[in-house]
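# Residue-level structural notes
For reference, the chains in residue letters:
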Amino acid sequence: MVIYFAGGGTGGHVYPNVAVAERLGPMLAERGKALRAVYAVSDRAVDARVCEAEGLEAVALPARPAATRPDRALRFAAAFRRARAVAARRVAADRPAALLATGGFVSGPAVAAARRAGVPTALITLDAVAGRAARWLARGCDARFLAVAGAGLPEAKTVGYPLRSASLAAGRDPGEARAGYGLNPRHPTLLVFAGSSGAETINRGSPAFFADRARDPRLRGWQVLHLTGGKLLAETRAAYAAAGVAAAVRGYEPAMGRAWAAADLALTRCGAGGVAEARANAVPCVFLPYPWHRDGHQERNAGPLVAAGGAVVTPDRVAPAANAASLGDTLLPLLENPARRAAMRAALRAMPATDAATALAAWLLGRAGGGPPADGRG
Ligand SMILES: CC(=O)N[C@H]1[C@@H](OP(=O)(O)OP(=O)(O)OC[C@H]2O[C@@H](n3ccc(=O)[nH]c3=O)[C@H](O)[C@@H]2O)O[C@H](CO)[C@@H](O)[C@@H]1O
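Residues numbered from 1 in each chain as written. Predicted model: local features only at pLDDT ≥ 70, side-chain atom pairs only at ≥ 80, totals over all residues. Heavy atoms only, no water.

Regarding the chain, the UniProt comment filed under Subcellular location (unreviewed entry) reads as follows: "Cell inner membrane". Here the chain is described in UniProt, under the heading Function (unreviewed entry), as follows: "Cell wall formation. Catalyzes the transfer of a GlcNAc subunit on undecaprenyl-pyrophosphoryl-MurNAc-pentapeptide (lipid intermediate I) to form undecaprenyl-pyrophosphoryl-MurNAc-(pentapeptide)GlcNAc (lipid intermediate II)." (UniProt positions renumbered as here; feature names shortened; annotations may be inferred.)

So, in structure tokens, the structure goes:
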């Protein structure tokens, strides 16, 4: 059975689809059917990298993000039509039984092509704020789901965020995870990363924070696992070395569960995926929201974790020196206080669990006409 999964432009739009396919495969197998998952992604390098690493069958659509400037609107419309035409050709050839979209600018043309071909479509809005594009897209889909209640699509059902197994720390030993990165298995570890693409402000700000406090006894023993997103790899490595901090600096970790398992605390953005993983893995966080979004969705994504007492939010002040100074007020009190970190971890563990991947897989199965399991169970 062919199912289409649309969403791309960043890892945060592809991985939730992988999570749903992971659940749907066994459900179909129980019914004597095999899943062929086809991922409609963007033609950006970041999507190609994720699809290659995950071994996904991908259709790269030449879509572009919606333009806010009027002089770019024509270019957006032309790219939309081109991407829809590519998607339509593939949909006609593959005849998918259903399509799930996670948003991002490739979802629009993919959903449009599927609808014209009569394919049932669903949208999951991952962020705590449904932007203009998500609201527009939602109108064209047969079913609407939310990862976070109150995101601004009143008729949508809240199911939580679909998490793939590779992003879960469960079953991994923290000491072994640290040793796997060449770190001391017994030392406390700060995980630093900025979503799927990395951020120069965090890649520079975190080493600057440690450099400013090179001899501070409160940081004694701490080591860092820093995933740069491929940006400034050599510079970040050199900056930690100059600050005298034991650090494993990597470009990208395909199985984030390993990194979460190694972590006692995380310094990160609050993209929908990062927040959901921090919560599921019960890792306390200092969140630095992406500073250039106008709708404040990253701050809102972090809201439930902050309200539960499992995370704090502090603005990304962009300049490394400014971030190094402000992290002194937010990160330092957590680094030096194991009891507070333990309380934050407990607060995250107490948050209610969801299983969005199963809920979405069940919708796809129902709309695709999966039928009952072969052994007759309902
Ligand atoms: C700058 C920007 O606009 N970011 C948006 C983008 O985030 P983006 O895709 O960057 O971030 P998310 O936090 O949603 O997801 C990142 C994913 O990448 C994974 N990962 C990260 C680093 C690594 O080395 N390996 C790895 O696998 C994480 O485990 C996570 O699953 O889409 C999200 C979902 O709409 C939004 O909330 C974010 O605001």
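A common way to report how large an interface is uses the accessible area buried once the components associate. Segmentation of the chain into domains returns domain 1 (2-161 + 354-368) and domain 2 (167-349). The centre of domain 1, based on its C-alpha atoms, is set 29 Å off from the matching centre of domain 2. In this complex, domain 1 contributes 13 residues to the contact, which on the side of domain 2 involves eleven residues. Broken down residue by residue, the surface that domain 1 buries against domain 2 is led by Arg49, Val129 and Tyr161, which jointly contribute 40%. (Domains from an automatic or database assignment. Contact = heavy atoms within 4.5 Å. Buried area = accessible area lost by both parts, 1.4 Å probe.)

A separate point is the pairing of strand 10 (residues 247-250). Relative to strand 10, strand 9 (residues 223-227) is paired through four bridges, and the arrangement is parallel. Note that in strand 10 the partner of Leu227 across the bridge is Arg250. Crossover handedness for the path strand 9 to helix 8 (residues 233-243) to strand 10: right-handed. (Pairing = 2+ DSSP bridges. Helix = DSSP H or I, 4+ residues; strand = E, 2+ residues; numbered from the N terminus. Right-handed = clockwise from strand over helix to strand, strands pointing away.)

Judged by pairing direction, the sheet is parallel, and its six strands sit side by side in the order 10-9-8-11-12-13 without closing on themselves. Single-partner strands in this sheet number two, and they are strand 10 and strand 13 (311-313). Mean inter-strand twist for the sheet, computed between neighbouring axes without regard to direction, equals 15°. Bridge count between strand 11 (residues 265-268) and strand 12 (residues 285-287): three bridges; the pairing is parallel. Opposite Thr268, over in strand 12, you have Phe287 as the bridge partner. In this fold helix 11 (residues 297-308) packs onto strand 12 and strand 13, with an angle of close to 130° to the strand it touches most, strand 13. (Axes fitted to C-alpha atoms, helices over the stretch in contact; angles between N-to-C directions.)

The next subject is the environment of Ala247. Position of Ala247 relative to the elements: it lies in strand 10. For the pair Ala247 and Gly182, spaced 65 residues apart in sequence, the C-alpha to C-alpha distance is 8.8 Å. Once residues lying within four places of it in the same chain are set aside, the contact partners of Ala247 are Leu183, Val224 and Tyr240.

As a matter of local geometry, the ligand sits amid 24 residues, with Thr10, Asp127, Glu253, Glu277 and His297 nearest to it. Asp127 places a side-chain nitrogen or oxygen 2.5 Å from an oxygen atom of the ligand. The contact in question runs from an oxygen atom of the ligand to an N or O atom on the side chain of His293, over 2.9 Å. For the ligand, whose unbound accessible area comes to 760 Å², protein coverage reaches 90%. Counting residues per element, the ones that place at least two in the shell around the ligand are helix 1 (11-30), helix 10 (272-280) and helix 11. Here the shell around the ligand is built from residues that sort into seven nonpolar, 13 polar and four charged. When residues of the shell around the ligand are assigned to domains, at least three fall in each of domain 1 (2-161 + 354-368) and domain 2 (167-349). (Near = heavy atom within 4 Å. Polar contact = N/O pair within 3.5 Å; in protein donor to acceptor, adjacent residues only side chain to side chain. Areas by Shrake-Rupley, 256 points an atom, 1.4 Å probe, with all protein chains shown as cover. Nonpolar A, V, L, I, M, F, W, Y, C, P; charged D, E, K, R; others polar.)

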